[in-house]
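Chain residues, written in single-letter form:
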Amino acid sequence: MRNHWSGRLGFILAAVGSAVGLGNIWKFPYITGMNGGGAFVLVYLVAILACGLPILMAEFIVGRHAQKDVVGSFRELTPQSAFWKHLGWLNLAASFIILSYYGVVAGWTLDYLFKALCGAFAGQEPEAIAGMFGALVSDPVRQLISLTLFMGLCLLAVIGGIKDGIERWNKVLMPTLFVLLIVMAGYALTTSGATAGLKFMLYPDFSKLTINGVLEAIGHSFFTLSLAMGAMITYASYMDKKEPIYPVSIRIAFLDTLVAIIAGLAIFPIVFSVGMEPGAGPGLIFKTLPQVFATIPMGSILAVLFFILLAFAALSSAISLLEVLTAFMIDEKKFNRRKATIWMTIAVYLTGIPSALSYSLLAQVKPIKNMEILDSLDYLASNFMLPIGGLLIAIYAGHILEKKISRAEICEDGRSFLLIFNIWYFTIRYIAPVAVLLVFLTKIGIIKL
Ligand code: PFF
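Residues numbered from 1 in each chain as written. Predicted model: local features only at pLDDT ≥ 70, side-chain atom pairs only at ≥ 80, totals over all residues. Heavy atoms only, no water.

*Asks:* Please clarify how the overall build of the chain should be interpreted in this entry.
*Replies:* Broken down by element type, the chain carries 18 helices and 0 strands. Radius of gyration (C-alpha) of the chain: 21 Å, near the 22 Å computed for a compact globule of 449 residues. Viewed in the frame of its principal axes, the chain has a C-alpha envelope of about 65 × 50 × 45 Å. A total of 449 residues make up the chain; the buried ones form 58% of that total. Sequence separation of at least 24 residues holds for 79% of the intrachain contacts in the chain that already meet a minimum separation of 6. Surface accessibility of the chain: about 17,100 Å² in total, with carbon and sulfur atoms responsible for 68%. Taken together, the 32 basic and 25 acidic charged side chains of the chain have centroids lying 6 Å from each other. (Helix = DSSP H or I, 4+ residues; strand = E, 2+ residues; numbered from the N terminus. Rg over C-alpha atoms; globule rule 2.2 N^0.38 Å. Buried < 20%, exposed > 50% of the residue type's maximum accessible area, 1.4 Å probe, protein only. Contact = heavy atoms within 4.5 Å. Areas by Shrake-Rupley, 256 points an atom, 1.4 Å probe, with all protein chains shown as cover. Lys, Arg positive; Asp, Glu negative; His and termini not counted. Charge placed at Lys NZ, Arg CZ, Asp CG, Glu CD.)

This is how it looks when you write it as structure tokens:
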């Protein structure tokens, strides 16, 4: 008998753990602010409903019906098709590559948590704090130590299995993350930057919204729900047949969006309160925010809370990718869980080493478009593997997979959710694939805006 989640809450927390990651905290708030605040949030909600949610449901249908790892699931559902039965390999490859470099970035959050715990930012000059990031990424030994630590944590969670490992860890990580986020947002809204922060995130300025912003919303709706990486298919394969797919999916998408919006409300007011400009990505998290923490009241405590939050978000996402690989070894290669987890962690760890050395010993190696190794891998995964994978999953669920399978999965007893099924079926056949295709063609420069 395949292992299952203990119940709906366990599954939702694990899936939300996968979805809520660095993308929610360092990307969403920023792209929102840059693209017209509330106007972008509205477009993003439409993108989630028209693209992210339908593909999330498609992945749940595939995984739950097949009850197998990501490679086995596609083979099981469409054994007769020489092309489609191999689709799982693309997802598997994406999860392997993404985890290898995400582990490095996540390692930085552990390093910064350590710095925050030691009070390293307090009383420092802004330049000195900004310089800490360069010092970290160009130090091969520290990079390897934090990568090792992070992958070690992932290993500990996944080796315990579904209920006693992943679910148990997420039941601690996720509620803690929510509480920390609310405490931080509560604090942020009492600072002098509250109005500016709220305006940046929520005031709808339609004049700032461009076609590019719309495509960015679609692309992000996709990444933020951990789609096309095998994570949601694998997690759904441990889902009980009795769980209704739609109510669970909408809750996951809602919580993921909520966390992203609250993250913006926690970050921007405090950045504006000291008169700094927000950015996105590593710069915002590892340079700007530590400088802010060094100057504001209770900054040292906030720094610790923030980096715990970030580390938890990264860990719960990474766990889901390691589970994709572990499940593959268990189902396809007949390894036991212990052996599968250990071998996959080692394989990802070794592959992650070049990324960890991207800005030090291997800084001269620039495989794609003159970018360092870590950035090249991110470019490859975000611009090619994920959009192509997502497009194929949408086509698969809408046009290849037998309709009676998806209908049975969504309408448990044959009657409930029939309307939802019909809406989903239309969206996954005609809307989601076109939306993802547009994003992909724009990303690779075929459509120029
Ligand atoms: N949903 C994640 C995010 O928004 O950050 C994307 C992700 C990245 C998932 C890396 C898993 C992972 F290891």
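*Asks:* So what exactly am I meant to see when it comes to the nonpolar core here?
*Replies:* One recurring pattern in soluble globular proteins is that nonpolar side chains are buried together. In this structure, Ile55, Ile285, Phe293, Phe306, Phe307 and Trp424 are the most contacted members of the largest nonpolar core, which totals 161 residues. Broken down by element, this core gets its largest block of residues, 21 residues, from helix α14 (residues 299–333). Discounting chain neighbours no more than four positions away, the residues touching Ile55 are Phe222, Leu227, Gly390, Ile393, Ala394, Ile428, Ala432 and Val436. (Core = buried A, V, L, I, M, F, W, Y, C linked by side-chain atoms within 4.5 Å.)

*Asks:* Could you clarify how one ought to interpret the environment of Ser317 in this entry?
*Replies:* Structurally, the position occupied by Ser317 is in helix α14. On the basis of relative accessibility, which here comes to 8%, the residue Ser317 falls in the buried class. Dropping the residues within four chain positions of it, Ser317 is found in contact with Gly17, Ser18, Val20, Gly21 and Tyr102.

*Asks:* I'm lost on the site of the ligand in this one. Help?
*Replies:* For the ligand, the set of nearby residues contains 15 residues, the closest of which are Ala19, Gly23, Thr224, Ser226 and Leu321. A distance of 2.8 Å separates a nitrogen atom of the ligand from a polar backbone atom of Ala19. Phe223 is positioned with one of its backbone polar atoms (N or O) 3.2 Å from a nitrogen atom of the ligand. Going through the elements one at a time, α1 (8–19), α2 (22–34), α5 (87–117) and α14 are the ones with two or more residues in the shell around the ligand. For the shell around the ligand, the per-class residue count stands at 8 nonpolar, 7 polar and no charged. (Near = heavy atom within 4 Å. Polar contact = N/O pair within 3.5 Å; in protein donor to acceptor, adjacent residues only side chain to side chain. Nonpolar A, V, L, I, M, F, W, Y, C, P; charged D, E, K, R; others polar.)

*Asks:* What am I meant to see in unusual backbone geometry here?
*Replies:* Outside of glycine, negative phi angles account for most residues, and trans bonds account for most peptide bonds. Despite not being glycine, Ala228 has its phi angle at roughly 65°, a positive value. In this structure, Lys334 takes a positive phi of about 60° despite not being glycine. In this fold, Lys334 is placed in the loop between α14 and α15 (337–356). For Lys334, a relative accessible area of 67% corresponds to the exposed category.

*Asks:* Would you mind showing me how to read the packing of aromatic side chains here?
*Replies:* For any pair of aromatic rings, geometry is given as the distance between the ring centres together with the angle between the planes. Per the stated rule, a full pass over the model turns up 33 aromatic pairs. Ring geometry for Tyr112 and Phe121: centres 5.9 Å apart, planes at 25°, overall stacked. Given a relative accessible area of 0%, Tyr112 falls into the buried group. Judged by relative accessible area, which is 3%, Phe121 ranks as buried. An aromatic cluster is defined as three or more aromatic residues linked by ring pairs; in this entry it consists of Trp108, Tyr112, Phe121, Phe133, Phe286, Phe293, Phe306, Phe307 and Tyr359. Positioned above the aromatic ring of Tyr112, the side-chain terminus of Lys115 is 4.5 Å from the ring centre. (Phe/Tyr/Trp six-rings, centres within 6.5 Å; stacked < 30°, edge-to-face > 60°. Lys NZ or Arg CZ within 6 Å of the ring centre and 35° of its normal.)

*Asks:* Any chance you could explain the environment of Ala408 here in plain terms?
*Replies:* Among the secondary structure elements, Ala408 is positioned in helix α17 (residues 403–410). For Ala408 and His65, which are 343 residues apart along the polypeptide, the C-alpha to C-alpha distance reads 9.3 Å.

*Asks:* Would you explain helix α13 (residues 281–295) in this entry?
*Replies:* Because each turn of an α-helix spans 3.6 residues, side chains separated by three or four positions end up pointing in the same direction. Taking 1.5 Å as the rise per residue, α13 with 15 residues should run 21 Å; its terminal C-alpha atoms sit 21 Å apart, in good agreement. At Leu289, α13 shows its largest kink, close to 30°, and the proline Pro290 lies no more than four residues downstream. Regarding α13, the residues found buried are Gly281, Leu284, Ile285, Phe286, Thr288, Leu289, Pro290, Gln291, Val292 and Phe293. Here the buried face of α13 lies against α2, α5, α6 (126–137), α8 (162–188), α12 (245–273) and α14. (Expected span 1.5 Å × (residues − 1). Bend = angle between axes of the 7 residues up to and from the residue.)

*Asks:* Looking at this structure, I do not really get the pattern of salt bridges. What am I missing?
*Replies:* Taken as a whole, this structure holds 13 salt bridges when the rule is applied. Arg8 is the salt-bridge partner of Glu243, the closest N and O atoms lying 2.9 Å from each other. Taken together, the residues span a long stretch of sequence, with Glu243 in the loop between α11 (231–236) and α12 and Arg8 in helix α1 at a distance of 235 residues. Residue Arg8 is classed as partly exposed on the basis of its relative accessible area, which comes to 31%. A salt bridge links Lys27 to Glu216, with the nearest nitrogen and oxygen atoms 3.9 Å apart. You can see Lys27 sitting in helix α2 and its partner Glu216 sitting in helix α10 (residues 211–223), a full 189 residues away along the chain. Connected through shared salt-bridge partners, Arg64, Lys241 and Glu409 make up one network. (Salt bridge = Lys/Arg side-chain N within 4 Å of Asp/Glu carboxyl O.)

*Asks:* Would you explain the side chain of Ser358 in this entry?
*Replies:* Mapped onto the elements of the fold, Ser358 is located in the loop between α15 and α16 (373–400). Separated by 2.9 Å, the side chain of Ser358 and the backbone nitrogen of Leu374 make a polar contact. With residues up to four places along the chain from it excluded, the contact list for Ser358 reads Ala363, Glu372, Ile373 and Leu374.

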